[in-house]
Amino acid sequence: MGRLLFCGGRVISGKGSKEMDVLVEGEKITAVGKNLESEGAAVVDISGKYLFPGFIDGHTHMDLDVSDTVTIDGFDSGTKAELSGGTTCIVDFATQNRGESLQYALSHWHDKADGKASCDYAFHLALSDWNEEVSRELEEVVFGGICSFKLYTTYDGMVVDDKAIYEILARLKELGGIAGVHCENRGIIDARLRDVVKRRGDRRNVSDYPWTRPDLAEAEAVSRILKIAACVDTPVIIVHLSSEEGYREICQARKRGQQVFVETCPQYLLMDKSRYDLPNQEARKYMIAPPLREEKDRNVLWKALAEGNIQTIATDHCSFTVAQKNAGEEDFSKTPCGMPGAEERPGLVYHFGVREKKITLEQMCGYLSENPAKLYGLYPKKGVIAAGSDADLVVWNPDERWTLSAKSQQSRSDYCPLEGTRLTGRAEQVYLRGTLAAQNGEILKAYGGRYVTAKRV
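Residues numbered from 1 in each chain as written. Predicted model: local features only at pLDDT ≥ 70, side-chain atom pairs only at ≥ 80, totals over all residues. Heavy atoms only, no water.

> An account of the side chain of T424 is requested, with residue identities and associated values reported.
Structurally, T424 can be placed in strand β19 (residues 422-432). Taking relative accessible area as the criterion, T424 reaches 11% and is therefore assigned buried. Aside from chain neighbours lying at most four places away, what touches T424 is Y350, H351, R355, P398, D399, E400 and R401. (Helix = DSSP H or I, 4+ residues; strand = E, 2+ residues; numbered from the N terminus. Buried < 20%, exposed > 50% of the residue type's maximum accessible area, 1.4 Å probe, protein only. Contact = heavy atoms within 4.5 Å.)

What follows is the structure, given as structure tokens:
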């Protein structure tokens, strides 16, 4: 590392884009402006390219024990996949299992991540157990650099009841933290899973899967969470929003004056539930929760992005192999839910969003960099090209053509959900704190990632 001067390109922010120079010294950006002094600097000519702040993925599940298996991507392969696509920082879900202290959960996740990551990483903390001791521990956790938390309204091992949700939100309000919530109604899901067996005699047919997790089950949980948050008078984040019905509940809450942050994912923007009508072995690849929806839901989400009513686009990267997915061969409810998506997220958002004029370059920067940095307490260290910020930079070639393929991806998953999709626009060079770490999908420097503490302002 030394001095680098990026010149000739267009610098992108959430508010605008402008042709400017960017000077980097060591790991930091030291100046942004016109005709910067380049003495002693290696000049990086990026004429005809865009320069984005490194992308941030605010929703990942690396090395997660779930559904009697473990995600195939740990921090090793998972962060290589992120870095190759232009993501320089992830926020992964450190998970407190029932009976564990918060400090144990965080220590466990550091053991999984430290020394293994190729991009920087911060943690959310997913809470499954709530009592006086956990409430006390929360203060230490927030003081130590965790400001965002995760709550589930479903899943036997993670669900928390309404009383606990209220008390957790109230405690986070005191401490300056914020919660993201997985919103689906557990009772509806469980009842419909039983109904499938009554009607069919088994749960082998994946085409029945989306019926067991309907959009109204998402909407009910969104509505309930927002009303609990209103009683506490605190903002919340609705994660991986998938449906028009869920979005309507958010719009109603905002009309009442509530502050609600919303995340969606490329899979909900680009695929629909017709994937579940494929032969079962193929269909299981697309089993995620919430499930893929209808084309009308995709259109609503794109419109919400265009209007600035969704704040972030994350991956929910939760990857498995075909063999792991086949655990649900006799019963689809035993299929581990999740898909890979770390590498392709920026390319998909650019190709199907910016190139197709659904969103602007500036909005892409907001959804992939600036907004998650602000929401998760990483700004202005991350998420912006400004003096004093980390030199996390993505040189984006708007004309580069490439094809999504399991054979070339960094993820250890042996399938690519959008196999064969041809994209235009790619992260040509990815700089992690001033070091060229990836180029055109290839990792040049592995294991350079560091843990990043967070603090909301």
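> Explain the side chain of R433 to me, using residue names and the numbers behind them.
With respect to the helices, strands and loops of the structure, R433 is situated in the loop between β19 and β20 (435-439). A relative accessible area of 7% means that R433 is categorised as buried. Within the structure, R433 has its side chain in polar contact with the side chain of D120 (distance 2.9 Å). (Polar contact = N/O pair within 3.5 Å; in protein donor to acceptor, adjacent residues only side chain to side chain.)

> Any chance you could break down the pairing of strand β1 (residues 3-7) for me, citing the residues and the numbers?
β1 sits mainly inside the fold: 4 of its 5 residues count as buried. Examined bridge by bridge, β1 and strand β4 (residues 21-25) share 4 bridges and lie antiparallel to one another. From the neighbouring strand, R3 faces β4, where its bridge partner is E25. Looking at chain direction, β1 and strand β6 (residues 42-45) are connected through 4 bridges and run parallel. The partner of F6 across the bridge, within β6, is V44. (Pairing = 2+ DSSP bridges.)

> Give me the sheet that holds β6: which residues, what numbers.
Strand order in this open sheet of 4 strands is β5-β4-β1-β6, and the pairing throughout is mixed. The open sheet terminates on both sides in strands that have one partner only, identified here as β5 (28-33) and β6. Strand-to-strand twist across the sheet, computed as the mean angle between neighbouring axes with direction ignored, equals 20 degrees. (Axes fitted to C-alpha atoms, helices over the stretch in contact; angles between N-to-C directions.)

> Tell me about the sheet that holds strand β7 (residues 50-53), and name the residues and values.
Pairing in this open sheet of 7 strands is mixed, and the strands run β3-β2-β7-β18-β19-β20-β21 from one edge to the other. The open sheet has two edge strands with one neighbour each: β3 (17-19) and β21 (442-443). Direction of pairing for β19 relative to β20: antiparallel, over a ladder of 4 bridges. In the sheet register, Y431 faces β20, and the bridge partner there is L436.

> Give me the environment of I165: which residues, what numbers.
Tracing the sequence through the fold places I165 in helix α4 (residues 162-175). We classify I165 as buried; its relative accessible area is 0%. As for I165 and F352, which are separated by 187 residues in sequence, their C-alpha atoms are 37 Å apart.

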